[in-house]
Amino acid sequence: MEIQLWREILEPYELAVDELVVKFRHLIKANRQGGKYSPIEQVNGRVKTISSILEKCQKKDVAYDQFEEKIEDIAGIRIICQFVEDIYKVAEIIHNRTDMKVKSEKDYISNVKDSGYRSYHMIVYYTVESVKGPKEIQVEIQIRTLAMDFWATIEHSLQYKYKKNMPAVLRDRLHKAADAIVVLDEEMASVRDEIMDAQNSFNLKASVVSEILTTIQNLYKVANKREVVRIQDEFFRVYNEGDLNELARFGKELDVIAESYRAQSLR
Ligand code: 0O2
């Protein structure tokens, strides 16, 4: 097979990864801008290298001309969550989307791998519009917590270094670290409500402040300048008091003022 052909084959996978990363990042942004908690903390993606595809074909005894069908993780998306329960929410979000169809799922959180690996895997079908027309491809989505990701990243590097010959003492330490990760995830889940309250307040404040400042800026174009400066001074006063409810009330009052200017301009 020519190298050029490989590049051509992998192009739609690159496109799928780029599109899906944008779509999942948009979900994070939409939640946060609306002052809501996002079950997705981070997203990244990659297309398997040609060398890794060949290695996997060898390992799984897949004919090189059948890799697109048989190797399910040529396109890979990794979704990182803060808490274990977010993982299942993200899986549900994926199930409910119309732009991807779930082929299979593996819950390595309920069924931890012998290595100690924990993660939730989904294989989905996703259609991209390639230069040659629509193409349905398989994408592996790995969903895990920050703590699970930390462990998997370290263990993956060691696996790469030692292949199948990892020293028993190191393997044992990794198992102990995997157990500690389970405890860490449980500890974090027990303070989840506290953490979420803090993050929700932070996101809500950011969104209220941004809306207020946009409104003030818009008013500056149409209203009496001194009046707008007075409104801005009032904003700084309310902001310095640090009460989110007061800030939200100020934002609502400002909306009424902005609306009256809009109504006047339509007359
Ligand atoms: P890479 O470099 O991340 O792409 P197999 O791949 O044979 O183990 P299968 O059935 O193809 O098994 O898929 P499985 O078990 O769901 O694993 C697919 C991917 O999950 C792996 O891809 C890893 O990314 C990750 N994974 C699975 N088991 C482990 C583990 O024990 N430790 C770590 N760190 N990651 C794991 P690749 O192609 O192996 O690697």
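Definitions and cut-offs
- Residues numbered from 1 in each chain as written.
- Predicted model: local features only at pLDDT ≥ 70, side-chain atom pairs only at ≥ 80, totals over all residues.
- Heavy atoms only, no water.
- Helix = DSSP H or I, 4+ residues; strand = E, 2+ residues; numbered from the N terminus.
- Expected span 1.5 Å × (residues − 1).
- Buried < 20%, exposed > 50% of the residue type's maximum accessible area, 1.4 Å probe, protein only.
- Contact = heavy atoms within 4.5 Å.
- 1 Å grid on protein atoms, 1.4 Å probe; cavity = no way out; pocket = protein on both sides within 12 Å on 5 of 7 lines; lining within 4 Å.
- Points joined across faces, edges and corners; volume = space filled by probe spheres on them.
- Nonpolar A, V, L, I, M, F, W, Y, C, P; charged D, E, K, R; others polar.
- Pairing = 2+ DSSP bridges.
- Near = heavy atom within 4 Å.
- Polar contact = N/O pair within 3.5 Å; in protein donor to acceptor, adjacent residues only side chain to side chain.
- Areas by Shrake-Rupley, 256 points an atom, 1.4 Å probe, with all protein chains shown as cover.

Caption draft 1: A look at helix H6 (residues 168-190). A rise of 1.5 Å per residue sets the reference length of H6, with its 23 residues, at 33 Å; its end C-alpha atoms lie 33 Å apart and thus fit the reference within 8%. By the burial criterion, the buried members of H6 are Leu 174, Ala 178, Ile 181 and Asp 185. On its buried face, H6 is in contact with helix H4 (84-96), strand S5 (133-145) and helix H5 (146-162).

Caption draft 2: Representation of the layout of surface pockets. Taken as a whole, the largest pocket spans an internal volume of roughly 1,700 Å³. If you go around the largest pocket, you meet 42 residues; those closest to its centre are Lys 48, Lys 56, Lys 59, His 156 and Gln 159. Broken down by element, the lining of the largest pocket gets its largest block of residues, seven residues, from H5. Along the lines of polarity and charge, the residues of the lining of the largest pocket split into nine nonpolar, 14 polar and 19 charged.

Caption draft 3: Fine view of the pairing of strand S4 (residues 120-130). Within S4, eight of the eleven residues are buried, leaving the element largely enclosed by the surrounding structure. Sheet topology note: the strand S3 (residues 100-107)/S4 ladder contains seven bridges and is antiparallel. Paired with Ser 104 across the strands is Ile 123, a residue of S4. Bridge count for S4 against S5 is eleven bridges, and the pairing is antiparallel.

Caption draft 4: Spotlight on the site of the ligand. Taken together, 18 residues lie around the ligand, and Lys 48, Lys 106, Lys 113, Ser 115 and Glu 155 are the ones closest in. Residue Lys 60 places a side-chain N or O atom 2.9 Å away from an oxygen atom belonging to the ligand. Here an oxygen atom of the ligand and a side-chain polar atom of Ser 115 are 2.7 Å apart. If the ligand stood free it would expose 720 Å²; the protein chains cover 77% of that surface. The dominant element in the shell around the ligand, judged by the number of residues it contributes, is H5, at four residues. For the shell around the ligand, the per-class residue count stands at three nonpolar, five polar and ten charged.

All quantities given are derived from atomic positions and should not be read as evidence of function.
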